[in-house]
Amino acid sequence: MYFISTRGGEKVTGAQAIAQGLAKDGGLFVPENFPLVTNEELEGMAGMSYPERASFILGKYLGEEFGQDFLNTSCEKAYSNFEGEDPIPLVKVDGETGLYVLELFHGPTCAFKDIALQLLPYLLKKSLELTGEKKDVLILAATSGDTGKAALEGFRDVPGTKVAVFYPDEGVAKMQRLQMCIQDGKNVCVAGVKGNFDDCQRAVKALFAEETFQAELEKRNVLLTSANSINFGRLAPQIAYYFSAYVDLVTSNQIEIGDNVDFVVPTGNFGDILAGWYAKKMGLPVRKLICASNRNRVLTEFFKKGVYDVKRPLMRSMSPSMDILVSSNLERLIFEVSGRNAELTANRMEQLKKEKTYSITPKERNLLEKDFYAGFASEDDTVDAMYEIFEEYGYAMDTHTGVGLSVYMQYYNEREKNDPKDRTPVIVLSTANPYKFPQDVLYALSGNDVKDSFKGIKRLNLLTAMKPPKCLLALRYRPLRFKTVVSNDIGKMSDLILRFVDGEVVPIPDES
Ligand SMILES: *Cc1c(COP(=O)(O)O)cnc(C)c1O
């Protein structure tokens, strides 16, 4: 299968799309068409393990090029690092109303980013092989908290690769920072950047376009690539869990093949929910995708009014991984809803850059309304939803999932008003382990404030009787390896990266 750029300038193979990350015209790669999954195939998936299901879905896009055997063994290896018998369990919260939670956080870094980033190293290495690329790869990432750690863990000590991660000094949760700053591995580098996530992301994006920096990397025979969700190699593994959750409902006799389900997705960069929409395009019976935002509600307004408007300050929230104004992956949806009009998509993205806003036509908005419902949760709404679900069902969730649950409640109330008999199952995607944000979760569930994250873990454990993950407990006694915070200046950042690429002693000394 071939992949085309949303801005029209390029057509490449799957391997090229993954190795390159972004198209040369600045667009995002999308599949030339959406391969279908038949009802017979869905039935066949019932008897498969999660890695087999993932490999089957990936095969629809990359099978011919990468080989099904390669995909099978890669998925097997990637998901063997997950805790528990089922790497991605579906939990029934309320059978009466049909509320389910899909727990995507059982990977090594306790957030859903692991599902793609444990697999991406295999896909990337194979892509480089297939495209004949001989250079070493530098994976550069800006992170709002979870992508950074997942990329570091996924690529740690992978031969031929180096990973550099920048996080916003003022943006990530304590646990997230700790997870990154104690990172092991000979090929990793982590640094804070002064400012918020938007500042950090802007600086990293600027580095991708910086000519002297590119030339320096070229001299060193290093290829620069991205581990952010603009890469199709990150999107594809996420499509699989929508299918898997559906098949789980079938095998547990909650639905029959062909019945509809809804998904609620806590959304930031629009990667996760776009994967769900791709699943729908591939034939999965999804009725609505519910786009849940925190108080940075750009996407809610977009779906309601058809206007994307980022002229506002980015606010910090309890769900820092969703503190984003410019959701990169929305470009893929805009491209589809315009009837794959690349010129129009390019113009809209240009307008967003220049005027910080663009709009779609009423006809396009109506098309989107068929597939999406959108809502947002304030900080108080989020806390209330987390508390309510814990009180009623004893189920504890993290703050990002709390945003999802709050928007689910809005959706549920509307649905009850419109059709009280409607019992279509709703699956809420749970994107992080509650222990990753122990102080906020403890506060939401009990009203108690504690000063220290590890005290938070202990108290949360007493309250919920849920087992804290070993990888978070172990952080307590680990010395910090990376303490550098650089100013938000691409000169400083590129110096740091080049010193790291040159193999200068890691850790790099603090110079803030
Ligand atoms: C990244 C992230 C999200 C948002 O996912 P997108 O694909 O960026 O929409 C939500 N929750 C958590 C915990 C995350 O790490």
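Residues numbered from 1 in each chain as written. Predicted model: local features only at pLDDT ≥ 70, side-chain atom pairs only at ≥ 80, totals over all residues. Heavy atoms only, no water.

**Q** Please provide a residue-by-residue account of the site of the ligand, values included.
**A** The environment of the ligand is made up of 15 residues, and the closest members are Lys 113, Asp 146, Gly 268, Asn 269 and Thr 431. Interatomic distance of 2.7 Å between a backbone N/O atom of Asn 269 and an oxygen atom of the ligand. Expressed as a share of its isolated accessible area of 380 Å², the protein-covered part of the ligand is 97%. Class assignment of the residues belonging to the shell around the ligand gives a composition of five nonpolar, seven polar and three charged. (Near = heavy atom within 4 Å. Polar contact = N/O pair within 3.5 Å; in protein donor to acceptor, adjacent residues only side chain to side chain. Areas by Shrake-Rupley, 256 points an atom, 1.4 Å probe, with all protein chains shown as cover. Nonpolar A, V, L, I, M, F, W, Y, C, P; charged D, E, K, R; others polar.)

**Q** Quick rundown of the sheet that holds strand β16 (residues 485–486)? Include the residues and the values.
**A** Reading across the sheet, the five strands line up as β9-β6-β7-β8-β16 and stay open at both edges, with parallel pairing between neighbours. Strands at the two margins of the open sheet, each flanked by one partner only, are β9 (222–226) and β16. Bridge count for strand β6 (residues 136–142) against strand β7 (residues 161–168) is six bridges, and the pairing is parallel. Counterpart to Val 137 in the pairing with β7 is Thr 161. Along the sheet face, helix α9 (residues 197–208) touches β6, β7, β8 (188–193) and β9 and points at about 155° away from the line of β6. (Pairing = 2+ DSSP bridges. Helix = DSSP H or I, 4+ residues; strand = E, 2+ residues; numbered from the N terminus. Contact = heavy atoms within 4.5 Å. Axes fitted to C-alpha atoms, helices over the stretch in contact; angles between N-to-C directions.)

**Q** I'd like a rundown of the domain arrangement of the chain, residues and numbers included.
**A** Structurally, the chain comprises domain 1 (117–230 + 478–501) and domain 2 (435–467). Contact residues are listed per partner, giving seven residues for domain 1 and nine residues for domain 2. Summing the contributions of domain 1 and of domain 2, the shared interface buries around 570 Å²; its carbon and sulfur component is 63%. When the buried surface of domain 1 facing domain 2 is broken down by residue, Asp 146, Lys 174 and Met 175 rank first, second and third, together holding 68% of it. Seen at the junction of domain 1 and domain 2, the total is one salt bridge. Asp 146 serves as the salt-bridge partner of Lys 436, at 2.7 Å between the closest nitrogen and oxygen. Inspection of the region where domain 1 meets domain 2 yields three residue pairs in polar contact (both at pLDDT 80 or more). Top element by residues in the side of domain 1 that touches domain 2 is helix α8 (residues 174–181). It accounts for five residues. Residues that form the side of domain 1 that touches domain 2 fall into these classes: three nonpolar, two polar and two charged. (Domains from an automatic or database assignment. Buried area = accessible area lost by both parts, 1.4 Å probe. Salt bridge = Lys/Arg side-chain N within 4 Å of Asp/Glu carboxyl O.)

**Q** Quick rundown of the pairing of β7? Include the residues and the values.
**A** The buried count for β7 comes to seven of eight residues, which makes it a mostly enclosed element. For the crossover from β6 across helix α7 (residues 146–155) to β7, the handedness is right-handed. Pairing between β7 and β8: six bridges, direction parallel. If you follow Phe 166 over to β8, its bridge partner there is Ala 191. Between the parallel pair β7 and β8, the chain is carried across by α8, and the sense of this crossover is right-handed. (Buried < 20%, exposed > 50% of the residue type's maximum accessible area, 1.4 Å probe, protein only. Right-handed = clockwise from strand over helix to strand, strands pointing away.)

**Q** Can you tell me about the pattern of salt bridges, naming the residues and giving the values?
**A** A complete count under the given rule lists 26 salt bridges for this structure. Ionic contacts of the salt-bridge type, sharing partners, join the residues Glu 216, Lys 219, Arg 220 and Asp 502 into one network.

**Q** Quick rundown of the sheet that holds strand β14 (residues 372–376)? Include the residues and the values.
**A** Pairing is mixed across the open sheet formed by six strands, whose spatial order is β4-β5-β15-β10-β11-β14. At either end of the open sheet lies a strand with only one pairing partner, and these are β4 (90–94) and β14. Averaged over all pairs of adjacent strands, the angle between strand axes in this sheet comes to 25°, irrespective of strand direction. The pairing of strand β11 (residues 286–293) with β14 spans five bridges and is classified as parallel. Counterpart to Ile 290 in the pairing with β14 is Tyr 373. With respect to the sheet, helix α16 (residues 362–371) is in contact with β11 and β14, its orientation differing from that of β11 by roughly 100°.

**Q** Just give me the short version of the nonpolar core, but keep the residues and values in it.
**A** Counting 109 residues, the largest nonpolar core has Tyr 241, Tyr 242, Phe 243, Phe 263, Phe 270 and Tyr 278 as the members making the most contacts within it. Apart from the residues within four sequence positions on either side, Phe 263 is in contact with Tyr 242, Ala 245, Leu 284, Val 286, Lys 288, Leu 289, Ile 290, Ile 427 and Leu 429. Counting 44 residues, the second-largest nonpolar core is a separate cluster that includes Ile 290, Tyr 373, Met 397 and Tyr 412. (Core = buried A, V, L, I, M, F, W, Y, C linked by side-chain atoms within 4.5 Å.)

**Q** Now, about unusual backbone geometry: what can you tell me, with residues and values included?
**A** One non-glycine residue, Asp 157, adopts positive backbone phi at about 60°. What makes Asp 157 partly exposed here is its relative accessible area of 41%. Even without glycine at this site, Lys 356 takes up a positive phi of about 60°. Mapped onto the elements, Lys 356 comes out in the loop between α15 (342–355) and β13 (357–359). Given a relative accessible area of 43%, Lys 356 falls into the partly exposed group.

**Q** Tell me about the environment of Asp 440, and please be specific about residues and values.
**A** Position of Asp 440 among the secondary structure elements: in helix α19 (residues 438–446). Given the relative accessible area of 29%, Asp 440 is considered partly exposed. The spatial distance from the C-alpha of Asp 440 to the C-alpha of Ser 453 is 9.5 Å, given a sequence separation of 13 residues.

**Q** I'd like to hear about helix α12 (residues 271–281), residue by residue, with values.
**A** Burial within α12 is extensive, with nine of its 11 residues counted as buried. The set of residues buried in α12 consists of Gly 271, Asp 272, Ile 273, Leu 274, Ala 275, Gly 276, Trp 277, Tyr 278 and Ala 279. Once α12 ends, the next one or two residues include Gly 283, with phi positive near 110°.

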